[in-house]
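# Secondary and tertiary structure notes
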Amino acid sequence: HQIKIFVSGGVSSPTDPIWMPQYTEQEIRAAVYEASTHRTYVMAHCHTDDGARRCAEYGVRTIEHGTEIHPDTAELLADKGVYVVPTLSTMHVISTQGEALGLPFASLDKIKGVYERTLRSIENCQRAGVKLGLGSDLLDVNYHALQGCEFRHRGIVSKPIDVLRSATSINAEILQKTGELGCIAPGAYADILALDFDPFKDLTGFEDAEQNIPLIMRGGKCIKNHLTQS
């Protein structure tokens with residue numbers, strides 16, 4: 001559905017420093033062009049401010065992670081209509097449980113300070129008017145249950161309503177599915193949750209889906225229904 005590229009080094013990868021640029025301008029523009037011929041877009045793994053600027057200048061639609069985005073770069077992203085999808089929960093898990101996961105020392109060293117820098121980047125993006133999506137990047141199946149923690153982490157620097165919009169309507173925009181995802185409307189997919197808490201006051205309820213989300217509909221079909229029958 002999209003093309004994903006790397007424009008900076010990674011955290012869990014042991015041999016490429018975070019600051020390392022990846023892909024040339026010509027390669028990035030070629031990826032963007034090829035995606036456009038299929039009426040889709042390029043998303044970029046990107047931790048660095050320099051990488052974020054390159055994404056904005058070369059036509060990348062959405063930046064994944066966005067660890068270190070400075071105020072002037074955030075303004076450029078907003079001007080170009082580039083989305084940013086921070087991933088705080090995976091950074092928190094690697095920081096606190098990386099050794100148990102068996103990550104090499106190089107990766108454990110690279111993750112230091114990344115969480116805190118991402119919070120500052122989110123604040124810079126918010127002030128500039130960058131649209132923020134929501135994702136966790138928790139790839140290990142053993143940590144899928146922690147994906148709901150992303151709401152709490154984002155709530156440190158964002159209002160609950162803004163976090164909820166990131167997870168619904170803005171994510172739908174990113175995926176080019178406005179009117180189909182992220183809304184309750186005629187013709188939409190009817191992916192609906194019933195919550196046993198008020199997310200406008202407290203986002204921590206998403207951390208325990210089994211306890212706090214009694215109803216889950218996917219495509220209009222109930223895949224979980226623990227609502228009390230009257």
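In what follows, the accompanying structure is described. Every value quoted in this text rests on a predicted model; they were computed, and no experiment measured them.

This part takes up the pairing of strand E7 (residues 221–225). Pairing geometry for strand E6 (residues 215–218) and E7, over four bridges, is antiparallel. Looking across to E7, one finds that methionine 217 is bridged to cysteine 222. The turn linking E6 back onto E7 is made up of two residues, and glycine 219 within it adopts a positive phi angle of 60°.

On to the sheet that holds E6. The sheet built from three strands is open, its strands ordered E5-E6-E7 with antiparallel pairing. Unpaired on one side and paired on the other, strand E5 (192–194) and E7 mark the two borders of the sheet. Taking the axes of each pair of neighbouring strands and ignoring which way they run, one obtains an average angle of 15° across the sheet. Bridge count for E5 against E6 is three bridges, and the pairing is antiparallel. Bridge pairing in E6 links isoleucine 192 to methionine 217.

Once that is clear, we can look at the sheet that holds strand E2 (residues 42–46). With respect to topology, four strands assemble into an open sheet ordered E1-E2-E3-E4, the strand pairing being parallel. Two strands lie at the open edges of the sheet, namely strand E1 (3–6) and strand E4 (83–85), each paired on one side alone. Sheet twist, expressed as the mean angle between neighbouring strand axes with direction ignored, is 25°. In this structure, strand E3 (residues 62–65) lies alongside E4, joined through three bridges in parallel fashion. Within the sheet, the bridge partner assigned to isoleucine 63 lies in E4 and is valine 84. Seen against the sheet, helix H1 (residues 25–37) touches E1 and E2 and runs at an angle of roughly 170° to E1.

Here we take up the layout of surface pockets. Of the voids in this model, the largest pocket is the one considered here, and its volume is about 1,300 Å³. In terms of lining residues, the largest pocket is bounded by 39 residues, among which Phe151, Ala167, Thr168, Asp191 and Leu193 are the most central. It is helix H8 (residues 160–174) that provides the largest number of residues to the lining of the largest pocket, a total of five residues. Tallied by class, the residues present in the lining of the largest pocket amount to 25 nonpolar, eight polar and six charged.

Side chains of residues three or four places apart in an α-helix project in the same direction, reflecting 3.6 residues per turn. With 15 residues, helix H6 (residues 114–128) ought to run about 21 Å at 1.5 Å a step, and its terminal C-alpha atoms sit 21 Å apart, in line with that. What H6 keeps buried is the set Val114, Tyr115, Thr118, Leu119, Ser121, Ile122, Asn124 and Cys125. Turning to H6, the residues buried within the fold contact E3, helix H3 (71–80), E4, helix H4 (88–97), helix H5 (105–110) and helix H7 (149–155). At the C-terminal side of H6, glycine 129 shows a positive phi close to 90°.

On to the packing of H3 against H6. Between H3 and H6, the least distance of the axes is 8 Å, while the angle of their chain directions is 50°. When the interaxial angle is binned, H3 and H6 end up oblique. Considering the relative orientation of H3 and H6, their crossing is right-handed. In contact with Pro71, Ala74, Glu75 and Ala78 of H3, H6 contributes Asn124, Cys125 and Ala128. Grouping the amino acids of the contact of H3 with H6 by side-chain chemistry returns five nonpolar, one polar and one charged.

So, about the pattern of salt bridges. If you walk through the whole model with that rule in mind, you get nine salt bridges. Measuring nitrogen to oxygen at the nearest pair gives 3.8 Å for the salt bridge that ties aspartate 162 to arginine 165. Taken together, the positions of aspartate 162 and arginine 165, both in helix H8 and three residues apart, correspond to about one turn of that helix. When its relative accessible area of 43% is taken as the criterion, arginine 165 is described as partly exposed.

Reading the values: rules and limits
Residues numbered from 1 in each chain as written. Predicted model: local features only at pLDDT ≥ 70, side-chain atom pairs only at ≥ 80, totals over all residues. Heavy atoms only, no water. Pairing = 2+ DSSP bridges. Helix = DSSP H or I, 4+ residues; strand = E, 2+ residues; numbered from the N terminus. Axes fitted to C-alpha atoms, helices over the stretch in contact; angles between N-to-C directions. Contact = heavy atoms within 4.5 Å. 1 Å grid on protein atoms, 1.4 Å probe; cavity = no way out; pocket = protein on both sides within 12 Å on 5 of 7 lines; lining within 4 Å. Points joined across faces, edges and corners; volume = space filled by probe spheres on them. Nonpolar A, V, L, I, M, F, W, Y, C, P; charged D, E, K, R; others polar. Expected span 1.5 Å × (residues − 1). Buried < 20%, exposed > 50% of the residue type's maximum accessible area, 1.4 Å probe, protein only. Parallel < 35°, antiparallel > 145°, perpendicular 65-115°, else oblique. Left-handed = near helix turned anticlockwise from the far one by under 90°. Salt bridge = Lys/Arg side-chain N within 4 Å of Asp/Glu carboxyl O.

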